[in-house]
Amino acid sequence: MSAAGGGSRPGRAPAQRRPPAPPLFEDTSRAAAPAPVSSLAAAYGSSLASQGKALVDRNIERLVPVGRLKYYFAVDSLYVGRKLGRLLFPFLHQVQYQQDRPVAPRLDVNAPDLYIPVMAFITYILVAGLALGTQNRFSPDLLGLQASSALAWLIVEVLAILLGLYLVTVNTDLTTIDLVAFSGYKYVGMIVGLVAGLLFGKTGYFLLLSWCCLSIFVFMIRTLRLKILSEAAAEGVLVRGAKNQLRMYLTMAVAGLQPLFMYWLTFHLVR
């Protein structure tokens, strides 16, 4: 029994805590590496990154000549206006190459560029979508089919021209990108024809498309004649001979393809 009158019960002494056991494996992840080792690792990593970047840039430049592509997009508003005038009214202008080496398009209106073909291709797809929408035939799949079909025909056309140049053994400074640029100029006339069809129906479409087909035919003849007939261009006249006749036939064939593709890629969009 407990004692009365405020007696207190003696308490237990607090238990002493044992010190924690040392870890079996010491955690060294937070320990700072020695300064020479860290600097050497950083230098080695930077060297590997530089070598990898150089390798990637070299391979990309081999597949896609970025530097040359920049040259084809070096245009300004004055060049675009003058080039569109030559595409739509080639009868009022003369084609002359006065430079011994290629220059930026903004410095020579006769130089090929990729700005107008790319913008014209995108605009053509948008106008085609608008034409399909006015006929209640629009669908994303149909618009995608229209874009892929136009791109596929462009690739086939360029490959056919390259094959023709190889078979005729033409020594020219025309590159594959030049051919893509020249083949892409027809989209300007296709846009004009489609817009005329939207505004004035089939009559306006056929009238303006016929004019644009004639214009692109004349433009291609005048431009490619100086490129394909390089030796004759130096003299300013056509040199007679079987080889030059084949080259002239090739030039006319390339120019004649443009109206065919312009009609093929637009006639079903106008009703």
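For clarity, every value in this text was computed on a predicted model and none was experimentally measured. Residue numbering note: each chain is counted from 1, following its sequence as written. This being a predicted model, a pLDDT of at least 70 is required before a residue's local features are given, and a value of 80 or more before pairs of side-chain atoms are given or counted; all residues contribute to the totals for chains, interfaces and linings. The side-chain quantities take in all heavy atoms of the structure and omit both hydrogens and water.

Overview of the nonpolar core
Grouping buried Ala, Val, Leu, Ile, Met, Phe, Trp, Tyr and Cys residues that are joined through side-chain atoms within 4.5 Å yields what is termed a nonpolar core. Whether a residue is buried, partly exposed or exposed follows from its accessible area with a 1.4 Å probe, protein chains only, as a fraction of its type maximum: under 20%, in between, or over 50%, in that order. The biggest cluster of nonpolar side chains holds 47 residues, and the ones touching the most others in it are Tyr 124, Tyr 185, Tyr 187 and Met 220. Note on conventions: DSSP H or I runs of at least 4 residues are helices, E runs of at least 2 residues are strands, and numbering of each starts at the N terminus. At the level of secondary structure, the elements contributing two or more residues to this core comprise α3 (77-88), α4 (115-134), α5 (140-168), α6 (176-184), α7 (186-228) and α9 (242-264). Broken down by element, the residue count for this core peaks at 15 residues, all from α7.

A few points about unusual backbone geometry
Backbone geometry places Asn 136, a non-glycine residue, at a positive phi of 60°. Within the secondary structure layout, Asn 136 lies in the loop between α4 and α5. Asn 136 gets classed as exposed once you look at its relative accessible area, which sits at 74%.

Observations regarding the side chain of Asp 178
Looking at the element boundaries, Asp 178 is found in helix α6. The class for Asp 178 is buried, based on a relative accessible area of 7%. Apart from the residues lying within four places of it in its own chain, the contact partners of Asp 178 are Tyr 72, Pro 112 and Asp 173. We call two residues contacting when some pair of their heavy atoms lies within 4.5 Å.

Brief notes about α7
Since one α-helical turn is 3.6 residues long, residues separated by three or four positions face the same way. The span expected for a helix works out to 1.5 Å for each residue beyond the first. Taking 1.5 Å of rise per residue, the 43 residues of α7 would be expected to cover 63 Å, yet its terminal C-alpha atoms sit only 19 Å apart, more than 12% below that figure. Bend is computed residue by residue as the angle between axes fitted to the seven residues ending at the residue and the seven residues starting at it. When the local axis directions of α7 are compared, the greatest deviation, roughly 150°, occurs at Phe 200.

Digging into the side chain of Ser 183
Its location among the elements puts Ser 183 in helix α6. Within polar-contact distance, the side chain of Ser 183 engages the backbone oxygen of Leu 179 at 2.9 Å. With near-sequence residues (within four places) excluded, Ser 183 lies in contact with Leu 154, Glu 157, Val 158, Ile 161 and Gln 258. As used in this structure description, the phrase polar contact means that two N or O atoms lie within 3.5 Å; if the pair is within protein, one of them must be able to donate a hydrogen and the other to accept it, and residues adjacent in sequence are counted only when both atoms belong to side chains.

Remarks on the packing of α4 against α7
Orientation is described by lines fitted to C-alpha atoms, with helices fitted over the stretch in contact, and by angles between N-to-C directions that extend from 0 to 180 degrees. One can describe the packing of α4 onto α7 by two numbers: an axis separation of 9 Å at closest approach and a directional angle of 25°. Between α4 and α7, the angle falls in the class roughly parallel. At the point where α4 passes α7, the crossing takes the left-handed sense. Taken together, the residues of α7 that come into contact with α4 (itself represented by Ile 116, Pro 117, Ala 120, Phe 121, Thr 123, Tyr 124, Val 127, Leu 130, Ala 131 and Thr 134) are Tyr 187, Val 188, Met 190, Ile 191, Leu 194, Val 195 and Leu 198. Taken together, the residues of the contact of α4 with α7 break down into 15 nonpolar, two polar and no charged. Angle categories: roughly parallel below 35 degrees, roughly antiparallel above 145, roughly perpendicular from 65 to 115, and oblique for all the rest. The crossing is said to be left-handed when, going from far helix to near helix, the turn is anticlockwise and less than a right angle, and right-handed when the turn is clockwise. Three classes are used, and their members are as follows: Ala, Val, Leu, Ile, Met, Phe, Trp, Tyr, Cys and Pro are nonpolar, Asp, Glu, Lys and Arg are charged, and the others, Gly among them, are polar.

A look at the confidence of the model for the protein chain
The quantity known as pLDDT measures the predictor's confidence residue by residue, on a range of 0 to 100. Taken residue by residue, the protein chain gives an average pLDDT of 80. The fraction at 70 or more is 67%. Within the protein chain, the lowest mean pLDDT, 50, falls on helix α8 (residues 230-235), and the highest, 96, falls on α4. Long-range and interchain partners of residues 1-8, a stretch whose pLDDT sits below 50, account for zero contacts in this model, where long-range means more than four residues apart.

Here's the deal with the packing of aromatic side chains
Classification of ring pairs rests on two measures: the distance between centres of Phe, Tyr or Trp rings, Trp counted by its six-membered ring, which must be within 6.5 Å, and the angle between planes, read as stacked under 30 degrees, edge-to-face over 60 and tilted in between. In the structure shown here, the tally under the stated rule is 11 aromatic pairs. Both rings, one in Phe 182 and one in Tyr 185, keep their centres 6.1 Å apart while their planes meet at 70°; by these two values the pair is edge-to-face. Relative to Phe 267, the ring of Trp 264 lies with its centre 5.9 Å away and its plane at 40°, an arrangement referred to as tilted. Since its relative accessible area comes to 47%, Trp 264 is described here as partly exposed. When the NZ atom of lysine or the CZ atom of arginine is within 6 Å of a ring's centre and also within 35 degrees of its normal, the charge is said to sit over that ring. The ring of Tyr 187 carries Lys 186 above its face, with NZ or CZ at 5.6 Å from the centroid.

Comments concerning the pattern of salt bridges
Salt bridge, as applied in this entry: a Lys or Arg side-chain nitrogen positioned within 4 Å of an Asp or Glu carboxyl oxygen. The tally for this structure, following the rule as stated, stands at one salt bridge. A salt bridge links Lys 186 to Glu 157, with the shortest nitrogen-to-oxygen separation between them at 2.6 Å. Here Lys 186, found in helix α7, pairs with Glu 157, found in helix α5; they are 29 residues apart in sequence, far enough to count as distant.

Let's talk about the layout of surface pockets
The calculated volume of the second largest pocket comes to roughly 230 Å³. Taken together, 13 residues form the lining of the second largest pocket, with Leu 114, Val 118, Leu 151, Leu 154 and Val 180 sitting closest to its centre. For the lining of the second largest pocket, the secondary structure elements donating two or more residues are α4, α5 and α6. When residues of the lining of the second largest pocket are assigned to their parent elements, the largest contribution, five residues, is made by α5. Residue classes in the lining of the second largest pocket are distributed as 11 nonpolar, two polar and no charged. Detection works on a 1 Å grid of protein atoms alone, calling trapped sets that fit a 1.4 Å probe cavities and calling open sets with protein on both sides within 12 Å along at least five of seven lines pockets, with lining residues defined by an atom within 4 Å of a point. Grid points are joined across faces, edges and corners, and a volume is the space filled by probe spheres set on the points.

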